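Observations on the three-dimensional arrangement
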Amino acid sequence: DLPAVNSPSYGESDILDQYLISLQWSVTQMVCGSMHVFGVNTAETAFTCFSLICGVFFFGSVVSTFSSTTLELRMRKQEHTAQMAKLERYLQQNDVSFDLTRRIKQRTKAQMRSRKPLIKKDVDALSMLSLKLSSELDWEVSKKHL
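The rules behind the values
Here the residue numbering is sequential within each chain, running from 1 through the sequence in written order. Predicted model: local features are reported for residues with pLDDT of at least 70 only, side-chain atom pairs are reported and counted for 80 or more only, and whole-chain, interface and lining totals are derived from all residues. Heavy atoms throughout the structure, all of them, feed into the side-chain values; hydrogens and water do not. Counting from the N terminus, the helices are the DSSP runs of H or I reaching at least four residues and the strands are the DSSP runs of E reaching at least two. For the exposure calls, accessible area comes from a 1.4 Å probe over protein chains only, and a residue counts as buried if that area is under 20% of its type's maximum, exposed if over 50%, partly exposed in between. Cavities and pockets were defined on a 1 Å grid built from protein atoms only: a cavity is a group of points that admits a 1.4 Å probe but offers it no way out, a pocket is an open group of points flanked by protein on both sides within 12 Å along at least five of seven lines, and a lining residue is one with an atom within 4 Å of any such point. Grid points are joined across faces, edges and corners, and a volume is the space filled by probe spheres set on the points. When residues are sorted by character, Ala, Val, Leu, Ile, Met, Phe, Trp, Tyr, Cys and Pro go into the nonpolar class, Asp, Glu, Lys and Arg into the charged class, and all the rest, Gly among them, into the polar class. Note on contacts: a residue pair qualifies if any of its non-hydrogen atoms lie within 4.5 Å across the two residues. Throughout, an axis means a line fitted to C-alpha atoms (over the contacting stretch in the case of helices), and angles, computed between N-to-C directions, take values from 0 to 180 degrees. When an angle is under 35 degrees it counts as roughly parallel; over 145 it counts as roughly antiparallel; between 65 and 115 it counts as roughly perpendicular; any other value is oblique. In this scheme, a crossing is called left-handed if the near helix is turned counterclockwise away from the far one by less than a right angle; it is called right-handed if the turn is clockwise. Within the patch definition used here, like charges are joined within 9 Å and nonpolar side chains (Val, Leu, Ile, Met, Phe, Trp, Tyr) within 5 Å, considering only residues with over 30% relative accessible area and no salt bridge. Accessibility throughout is a Shrake-Rupley quantity obtained with a 1.4 Å probe, and a residue counts as covered only by protein chains that appear here. Should a side-chain nitrogen of Lys or Arg be within 4 Å of a carboxyl oxygen of Asp or Glu, the pair is scored as a salt bridge.

On to unusual backbone geometry, then. Phi at aspartate 95 is positive, roughly 50 degrees, even though this residue is not glycine. In this fold, aspartate 95 is placed in the loop between α2 (42-93) and α3 (98-113). Given a relative accessible area of 69%, aspartate 95 falls into the exposed group.

Okay, the environment of threonine 45 next. Looking at where threonine 45 falls in the secondary structure, it is placed in helix α2. Expressed as a C-alpha distance, the spacing of threonine 45 and isoleucine 21, which sit 24 residues apart in the sequence, is 6.8 Å.

Now for the layout of surface pockets. Estimated volume of the largest pocket: approximately 560 Å³. For the largest pocket, the lining is made up of 13 residues, of which Glu79, Gln111, Met112, Ser114 and Arg115 are closest to its centre. Taken together, the elements giving at least two residues each to the lining of the largest pocket come down to α2 and α3. If one sorts the elements of the lining of the largest pocket by residue count, α2 sits on top with five residues. Grouping the amino acids of the lining of the largest pocket by side-chain chemistry returns two nonpolar, four polar and seven charged.

In this section: the side chain of threonine 101. Relative to the helices and strands, threonine 101 is located in helix α3. Look at threonine 101 and you get buried, because its relative accessible area is 12%. Threonine 101 has contacts with Leu91 and Val96, leaving out every residue within four places of it along the chain.

This paragraph deals with the packing of helix α1 (residues 15-30) against α2. One can describe the packing of α1 onto α2 by two numbers: an axis separation of 9 Å at closest approach and a directional angle of 30 degrees. One finds that α1 runs roughly parallel with respect to α2. Between α1 and α2 lies a crossing of left-handed hand. Touching Leu16, Asp17, Leu20, Ile21, Leu23, Gln24, Val27 and Thr28 of α1 are Thr42, Thr45, Ala46, Thr48, Cys49, Leu52 and Ile53, all from α2. For the contact of α1 with α2, the per-class residue count stands at nine nonpolar, five polar and one charged.

Okay, the side chain of serine 134 next. Tracing the backbone through its elements, the reader meets serine 134 in helix α4 (residues 131-142). Sequence-distant contacts of serine 134, that is, excluding residues within four places in its chain, are made with Lys120 and Leu129.

We now examine a nonpolar patch on the surface. A cluster of nonpolar side chains, contributed by Ile15, Leu16 and Tyr19, occupies part of the molecular surface with about 360 Å² of accessible area. The residue leucine 16 is located in helix α1 in this model.

What follows is the structure, encoded as structure tokens:
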């Protein structure tokens, strides 16, 4: 049986046991693990440490995914807002009537919300293709319609 950290026999344990107990304690201080759950032998303590570390990586990936999704949504909203501000400025600079401005903005917002199919010119990366690859792509995309 492994001794508890505050046990007098802890100092008499072998170095691997002391290391694993210390590792478990330090990991539980960083995450929501509990020091009340501890192994009674070296293998159980090693498994507990491994489980806690896996939990750290899993939780980190969940937080990372949530953060990147939130950032992506924020960037889309920012782009939408910038486009609408540019439209508003254009309409004001050209003294477009209030009624026409309202209709243009409504139509523009509706178009921005719709998910229309992409066409080749919408995908900037495709302009980097060689002529041969571009031709093959055009053929494969258009042969569905032939």
